[in-house]
Amino acid sequence: MTTLTAPGTTATPTRRPSATRGLVRTVLLLHRPALYLWAGLFVALAALLLWLYGPATDAAAAAWREYDRCTKATCAYDQDAILRYKSYSQYASLALTFLPFLVAAWAGASLIGREMETGTAQLAWTQSVSPARWLAVKLAVPAALVTVGTSVLVVLHRQMWVRGQGRIDNTKSWTDTFVFHANGPTTVALALSGLAVGALAGIRLRGSLGALVVSVVCTVGVRAALGLALPYLWPTVRTVTSLTHDGPTSLGLTVHHGLLTSTGARLPDPLCGSSRTSECSTIYHRLDAVSFYTDSHPQSHYWPLQLMATGLVLVLTALVLLVAFRLLKRDTGSAPLTKGATL
């Protein structure tokens, strides 16, 4: 790596750490509105989760205790506390779910797309900053902020959810799609994937509006694809129950369920119910069914599923970043060097 200098002058080594620190400061200054917005969202959501963890959980739990002890037709209990906890806990889970889409929109429209569109990026490349280092710093700064901030919110959300288990009857199950992701590192991984997708869209389209739309749509696609793949990322547990039950018994997150025949074949569940009724008994006899079966994930599979899903999203994020850097290199590799540009 050398630096081009004017004839007759002595070459001096490039002071990369200073250039990098300057670029970091530039990123923070240039995107102060987004930084303030992120800080505001973080503080507001953290405050909501802390309130839910403390006073809201205590009030709702006390109301449920009064309700469960009630033996009369009408009882006095704090129904508003129960409804407040239910509503605001759902709002918190939804907010964490939508964070990756906000990150993707900002990365595509402002962080990369707008700078490519207005020529700000090209100007930076003439100030002793290579395109690759420019992109690395542009992504590293928000990636660090998003990772730390989202991780704290995920921990707070999980603590809030755990404290309500067994105390609040209408707490969402761990199998709820919003709770599942808000309680674990997949939310952080999805936020980073949104950042990577936004960067790729900005580099490819070189426009803020188009990059915004494409980055959000692609991030939605990643989220949807993860939801479809999630049940198959870890081996399920099969539960077999008698036909005298009302139907298959699930341990948690159901993947498949139906009937087992005497030969071990699997059939769809006709949704008839228990074989104690003559109608259902006749149907099961005709199908040669001997039991119900359910392939599901118990709660003990939560962390294996979380870690597998997180790893999958991070691998995809790395591939998207690789494509983004290669695309940037291809587009800028033939650009003429200017005075002071680093080779």
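Residues numbered from 1 in each chain as written. Predicted model: local features only at pLDDT ≥ 70, side-chain atom pairs only at ≥ 80, totals over all residues. Heavy atoms only, no water.

Some details on the nonpolar core
- In this structure, Ile-112 and Trp-134 are the most contacted members of the largest nonpolar core, which totals 28 residues.
- Listed by contribution, the elements that provide at least two residues to this core are helix H1 (16-30), helix H3 (79-118), helix H4 (120-125), helix H5 (131-164), helix H7 (186-205) and helix H10 (302-332).
- Top element by residues in this core is H5. It accounts for eight residues.
- The contact partners of Ile-112, leaving out residues within four places of it in the chain, are Ala-107, Trp-134, Leu-135, Lys-138, Ala-199, Gly-202 and Ile-203.
- Among the nonpolar cores identified, the runner-up in size contains 19 residues, and Trp-38, Leu-49, Ala-56 and Ala-182 belong to it. (Core = buried A, V, L, I, M, F, W, Y, C linked by side-chain atoms within 4.5 Å. Buried < 20%, exposed > 50% of the residue type's maximum accessible area, 1.4 Å probe, protein only. Helix = DSSP H or I, 4+ residues; strand = E, 2+ residues; numbered from the N terminus. Contact = heavy atoms within 4.5 Å.)

A word on the packing of aromatic side chains
- Under the criterion given, the structure shown has 10 aromatic pairs.
- Ring geometry for Tyr-67 and Tyr-77: centres 5.1 Å apart, planes at 65 degrees, overall edge-to-face. Here Tyr-67 is found in helix H2 (residues 32-69), whereas its partner Tyr-77 is found in the loop between H2 and H3, with 10 residues between them in sequence.
- Relative accessible area serves as the criterion here: at 30%, Tyr-77 is assigned to the partly exposed category.
- Relative to Tyr-302, the ring of Trp-174 has its centre 6.1 Å away and its plane inclined at 90 degrees; by these criteria the two rings are edge-to-face. Taken together, the residues Trp-174 in the loop between H5 and helix H6 (177-182) and Tyr-302 in helix H10 connect sequence positions 128 residues apart. Like Tyr-302, Trp-174 is buried.
- Through a chain of ring-to-ring contacts, the aromatic side chains of Trp-174, Phe-180, Tyr-302 and Trp-303 assemble into a single cluster.
- A cation sits over an aromatic face here: Arg-163 above Tyr-53, 5.1 Å from the ring centre. (Phe/Tyr/Trp six-rings, centres within 6.5 Å; stacked < 30°, edge-to-face > 60°. Lys NZ or Arg CZ within 6 Å of the ring centre and 35° of its normal.)

Things to note about the sheet that holds strand S2 (residues 253-261)
- Taking strand neighbours across the sheet as the criterion, the four strands line up as S1-S4-S2-S3 in an open arrangement whose pairing is antiparallel. Each having just a single partner strand, strand S1 (237-242) and strand S3 (266-267) make up the two edges of the open sheet.
- Both S2 and S3 contribute to a ladder of two bridges, which runs antiparallel. Bridged to Leu-259 within S3 is Leu-267. (Pairing = 2+ DSSP bridges.)

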